[in-house]
Amino acid sequence: MSTQTTKANQTSPKLQSKVPEGPIDKKWSTHKNNIKLVNPNNKRKYKIIVVGTGLAGASAAASLAELGYNVETFTILDSPRRAHSIAAQGGINAAKNYKNDGDSVYRLFYDTVKGGDYRSREANVYRLAEVSNAIIDQCVAQGVPFAREYGGLLDNRSFGGAQLSRTFYARGQTGQQLLLGAYSAMMKSVDSGAIKMHNRHEMLELVVVDGKARGIITRDLVTGAIERHAADAVLLCTGGYGNVFYLSTNAKNCNVTAAWRCYKKGAMFGNPSFTQIHPTCIPVSGDYQSKLTLMSESLRNDGRVWVPRKPGDKRHANQIPDEERYYFLEERYPSFGNLVPRDVASRNAKDVCDKGHGVGPSGLAVYLDFRDSIKRYGRDKISERYGNLFDMYQKITGDNPYEEPMRIFPAVHYTMGGLWVDYNLQTTIPGLYALGEANFSDHGANRLGASALMQGLADGYFVIPYTVGDYLSGEKSGEVDTNHEAFAQAEQEAVERIDKLLKSKGTKTVLDYHRALGKIMWDEVGMSRTEQGLKDAIAKIRAMREEFWNNVYVPGEKSTCNKYLEYANRVSDFLELGELMARDALDRNESCGGHFREEYQTPEGEAQRDDENYCHVSVWEYPGDPDSDPVLHKEALEFEYVKLTQRSYK
Amino acid sequence: MTINLRVWRQKNASTPGKLVDYKVEGVSEHMSFLEMFDHLNEQLMKKGDEPVEFDHDCREGICGSCNMVIDGQAHGPQKGTAACQLHMRHYNDGDTIVVEPWRAAAFPLIRDLVVDRSAFDRIQAAGGYISVNTGAAPDAHAVPVEKEDADVAFDYAACIGCGACVAACPNASASLFTGAKISQFARLPQGQVERERRVVRMVEQMEKEGFGDCSNFGECEAVCPKEISIQAIAEMRREYMKAIT
Amino acid sequence: MYSLLTAFQNSVGRKILTGVTGIALTGFLIIHLLGNLTLFTIDYADADNAFNRYAHFLHDLGWLLYVAEAGLLTIFLIHAYLGVAIYLRKKKTRGTNYEVVKSRGGASKVGFSSRTMLISGSLLLIFTVSHVNHFKFGPGWSGEPEYTQQMNVGGETTEVRDLSKLVFETFNQQYEGAIFYVIGYVGIMILLGFHLRHGIWSALQSLGAMNKKLVPVIYAVAGTIGILIALGFLVLPIYIYFL
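## Let's talk about the overall build of chain A
Scanning chain A from terminus to terminus reveals 17 helices and 22 strands. Against the compact-globule benchmark of 26 Å for 650 residues, chain A has a radius of gyration of 24 Å, which places it among compact chains. Within chain A, residue pairs in contact and separated by at least 24 positions form 74% of the contacts whose partners lie at least 6 positions apart.

Given below as structure tokens:
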């Protein structure tokens, strides 16, 4: 079954994935058995910095502190509990097979690799599936109130891209409950003194000494003070960069800055263009719109997606008879129907809108209709399942989804790309790790629903506690302190950038630039991409970046709470990242998962992969200055256990 | 439409603040309350003025960052709605709206509408957890939990930690926040072992942070974006009585 | 496991104590009211009546009465102290005041009775002092003959204080100033009603005897009890006035 690595996919010597030998179901246990350990008495001497305190960060901080390490956490928010993991609605996957529907670690692994359109590392995905069950156990023990049946046991539901019920949920607020669980675990160690929290602190630079990560430079977002923090290892748990599109379902403060500054210090970036466009979001209502709101994918369990069969049909949804409704997902994908993976659902919604079937004032929306489910199960049952989502929809739009169908449209939701990591989650800078959405991840070119929570917690609870020890056992603790010149230099870089931002006092606001960048990204690097469009995007972003530094207006001072200064700093990084994403998309002459190049599609309009030339992770190395071309490295992806096939959800 | 805003401006905790009037033009009824503030800030910056600082993040009512007292009501007039989910369609052209920060001695002001809510973290750290180390958990199905208990525990766990309960309480009490956490764990079998220690410590921490006494006004429940019932407070007291007797 | 004394040192403990003492005081009020009911039945011209006999019975309890009185006084003082302490703390815990304050309504119990607990409580305190002074330590306390009557109690002739005469002279229209007493009493009892309206419900909530479904019921029942107690007390002076 093994696939051969072709010449085009050859792994660069700079990328050692460190995947252990042996059969896939033994790799992780073998690896754990062989990993080097840190003496319990010495653990306290090692300081680990955790940047970002969402699911990955909080779970990592808690677990490492329990092991005895000296942990310090950093978040830009006023409390770890506000991290954007909190907004995940639908659920978390695990291969518990509590439903007796034949689920297994292998099936979860298989679905995730297939769902990711064969662009993820098999061994990582298998490990993810393997530890998924322990996550559920851990969360239940922490007091996470998952939905239960009358017998007192846990309930499950099904999610897109899977034909099994393996998703555990807590109403429509699963992310919140899991994050609060991880947060409480973290606070337990704050209580015992094992974790020191730095809230409202933003990481601005990574400090690298002799090629190893040795600390970070931060800005106190209340006083503006620039601080130096030394550590023996740095964990980056800073989430995704979907906000490069300006409008996304990410929280307003989500940003790429920490990861990007690491990239610029030598951590390579994997698959930056792999972006997930989520099919079920509330459509844009106007220019002033600041963010998009997701309606959980779980709604597709009971909601039917349709548009009027006649293009331009302006009748009210309830006035359109059944035979004039085009249930396009059910018709095009009879076996998965409304539960096709996200990339497929999004692309089809765009397709019907492009063909003039779109609904709503902008014509950029499709219906998600609960009429039939309400008829079948009754309003109460539907309200029990989705009540809070329906309420949220009504609050935002003013329409009542019990009475008329919801209007939805795809929106940027998640970034599969991120810092490249090996099997140990270590980036190309020794001592720097990336966890959760911040790494290039286990989701390949498309993430399945309810898998992000799983991955964040798997990385934090069950992977990093082992793998970080492997590195630290070879390091002397407290090797470098903050008086090292590398700290002074990194601090100076951070300060200079801030001063430069404040100095320009131009005519356009940060929001003007961010919005304009977002438009370029959405139009050219969004749901469907073309060679010409990507080239144009690169040119436009470059020009905008130059203009930004000369003409941006940043108010106030650096020595106070100044959110627009923070914002400017983040957008300045998005202006560099956007270009890299376009370059990556341009380089990948195939379509796979969320990456859809119009030139590469099957006659039915499905993504056409090119395994011969692109069965690899594209890993980009910073060239030393933002205006030079980044260097491409490749990590070949070998599939021993899953056969590469054209994904089919028909 | 045009909205007349009166917004609390205060440079920092040591400088006195005041309400400042702004006329915001071009407000759309589809805007959220925070989008109106974005809009105001853009106008201010284009004139070279300093924008209003306010906390916000998810803008979908779940992170608990936003904290505005709108016309004397925490999060504004809509039931079960955080300020970020409040839409301008509930206002009319020409309305005057007064916006102030959360006010409580335990939430010191940082700037304009931004306050420091770290007291909540410290209350949580004083026992708002179940001590189970990673990897030490039994199978999730080892202990069944009655559906009703799981549901009530969820209702309490839905707290977003925004602090509206404190802001709206005439006494600036944090009882609903603290009670919700204590009662969530008290409802679950996993929370039993530490329940006495938890309630006593969390209640004492709440006191230490300088939150006020609860006088059962129930205003907290009325403004809570997650509509958490003050039954949580009653349960906290029951837990406390059990612990000290 | 933990000391009861810690209860005074935090808001939850204080509230529980406020509730416990409040319930005890309400219990006392109900007993007091039941005793008062005899005043509707008696002939004020005849000193040998059920009310005086009831008062004498209580008086005759001797040291038991002193214990009960001391207990009641302690409860009363604790309740008052906590009320004042909570009020004083509130000034400190708010910090800066709001420019605009408005109740959201709905689940909120903010209203006249809940917002005036300290005022109604303080007035009740002043009233109680004067009330005790007027009736308990008033005419007849030191055995003044015009307020004392010989009666057969349990087969023995005993001197019994004629308290009903004092009550009659305080409230009946024939006596100068009675109208002010009646108006004053009625006013205070209305305040008592408001105090109990929030107080009874609040005490039950403070003692944790609440659940979500019960709240509206208990809130209504507490209100009714409060009104009934207040009504029971305030009807009496009016009744006597018109005798």
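Next comes the rest of the account.
## Some details on the environment of Ser477 of chain A
Inspection of the secondary structure assignment puts Ser477 of chain A in the loop between α12 (452-472) and α13 (485-504). Contacts of Ser477 of chain A, omitting those with residues within four sequence positions, involve Asn42, Lys45, Tyr46 and Asp232 of chain A.

## Digging into unusual backbone geometry
All names here are of chain A. One non-glycine residue, Asp117, lies in positive phi territory at about 55 degrees. One can find Asp117 in the loop between α4 (105-115) and α5 (122-141). By the C-beta count within 10 Å, which is 25 here, Asp117 ends up buried. A positive phi angle is found at Arg200, which is not glycine, with a value near 50 degrees.

## A few points about the interface of chain B and chain A
Counting from both sides, the interface comprises 66 residues of chain B and, opposite them, 65 residues of chain A. Elements supplying a minimum of two residues to the side of chain B that touches chain A: α1 (33-46), β6 (109-111), α2 (118-125), α3 (147-157) and α5 (175-187) of chain B. The element best represented in the side of chain B that touches chain A is α1 of chain B, accounting for seven residues. Partitioning the side of chain B that touches chain A into residue classes produces 27 nonpolar, 22 polar and 17 charged.

## Side note on the packing of α5 of chain B against helix α6 (residues 195-208) of chain B
Residue and element names in this part refer to chain B. Running from N to C, α5 and α6 cross one another at 175 degrees; their axes reach a closest spacing of 10 Å. Considering their axes alone, α5 and α6 lie roughly antiparallel with respect to each other. Contact residues: α5 offers Thr178, Lys181, Ile182, Phe185 and Ala186, while α6 offers Arg195, Arg198, Val199, Met202, Val203 and Met206. Looking at the contact of α5 with α6 residue by residue, the classes come out as seven nonpolar, one polar and three charged.

## Examining the interface of chain C and chain B
On the chain B side, the residues contacting the 43 residues of chain C number 47 residues. Mapped by element, the contributors of at least two residues to the side of chain C that touches chain B are α1 (11-37), α3 (63-94) and α7 (178-206) of chain C. Ranked by residues supplied to the side of chain C that touches chain B, first place goes to α3 of chain C with six residues. Of the residues belonging to the side of chain C that touches chain B, the class tally is 15 nonpolar, 17 polar and 11 charged.

## Description of the pairing of strand β7 (residues 201-209) of chain A
Residues and elements named next belong to chain A. Within β7, eight of the nine residues are buried, leaving the element largely enclosed by the surrounding structure. Pairing of β7 with strand β8 (residues 212-220) involves eight bridges; the strand directions are antiparallel. Note that in β8 the partner of Val207 across the bridge is Gly215. Hairpin connection between β7 and β8: a loop of two residues separates the two successive antiparallel strands, and Asp210 in this loop has a positive phi of roughly 50 degrees.

## Things to note about the sheet that holds strand β1 (residues 47-51) of chain A
All names here are of chain A. Reading across the sheet, the five strands line up as β6-β2-β1-β10-β18 and stay open at both edges, with parallel pairing between neighbours. The two strands at the open ends of the sheet, each matched to only one other strand, are β6 (195-198) and β18 (432-434). Going from strand to strand, the sheet's axes swing by 20 degrees on average, the running direction of each strand aside. When β1 meets strand β2 (residues 70-74), the two strands line up parallel, connected through five bridges. The residue bridging Lys47 from the neighbouring strand is Asn70, located in β2. Its contacts with the sheet place α12 against β1, β10 (233-236) and β18, and it is angled at close to 150 degrees to β10.

## Some thoughts on the domain arrangement of chain A
All names here are of chain A. As assigned here, chain A comprises domain 1 (26-276 + 414-472), domain 2 (278-336 + 363-412) and domain 3 (483-636). Centre-to-centre separation of domain 1 and domain 3, based on C-alpha positions: 23 Å. Opposite the 47 residues of domain 1 that make contact, domain 3 presents 45 residues. At the level of elements, β7, β8, β9 (226-230), α7 (257-263), β11 (269-270) and β12 (275-281) are the ones that each hand at least two residues to the side of domain 1 that touches domain 3. In terms of residue count, the dominant contributor to the side of domain 1 that touches domain 3 is β7 (six residues).

## Considering the packing of α5 of chain A against α12 of chain A
Residues and elements named next belong to chain A. At a minimum axis separation of 9 Å, α5 and α12 run at an interaxial angle of 85 degrees. Taken together, the axis directions place α5 and α12 in an arrangement best described as roughly perpendicular. Residues Leu128, Val131, Ser132, Ala134, Ile135 and Gln138 of α5 touch α12, and the partners they reach there are Met454, Gln455, Leu457, Ala458, Tyr461 and Phe462. Considered class by class, the residues forming the contact of α5 with α12 number nine nonpolar, three polar and no charged.

## Notes on α4 of chain A
All names here are of chain A. With respect to burial, α4 is a largely interior element, eight of its 11 residues being buried. Every buried residue of α4 is listed here: Val105, Leu108, Phe109, Asp111, Thr112, Val113, Lys114 and Gly115. Residues of α4 that are buried sit in contact with β3 (92-93), α5 and β5 (165-168). Following α4 by one or two positions, Asp117 has its phi on the positive side, about 55 degrees.

The rules behind each value
- Residues numbered from 1 in each chain as written.
- Chains lettered and ligands numbered in written order.
- Predicted model: local features only at pLDDT ≥ 70, side-chain atom pairs only at ≥ 80, totals over all residues.
- Helix = DSSP H or I, 4+ residues; strand = E, 2+ residues; numbered from the N terminus.
- Rg over C-alpha atoms; globule rule 2.2 N^0.38 Å.
- Contact = placed C-beta atoms within 7 Å.
- Buried ≥ 20, exposed ≤ 12 C-beta atoms within 10 Å, placed from the backbone.
- Nonpolar A, V, L, I, M, F, W, Y, C, P; charged D, E, K, R; others polar.
- Axes fitted to C-alpha atoms, helices over the stretch in contact; angles between N-to-C directions.
- Parallel < 35°, antiparallel > 145°, perpendicular 65-115°, else oblique.
- Pairing = 2+ DSSP bridges.
- Domains from an automatic or database assignment.

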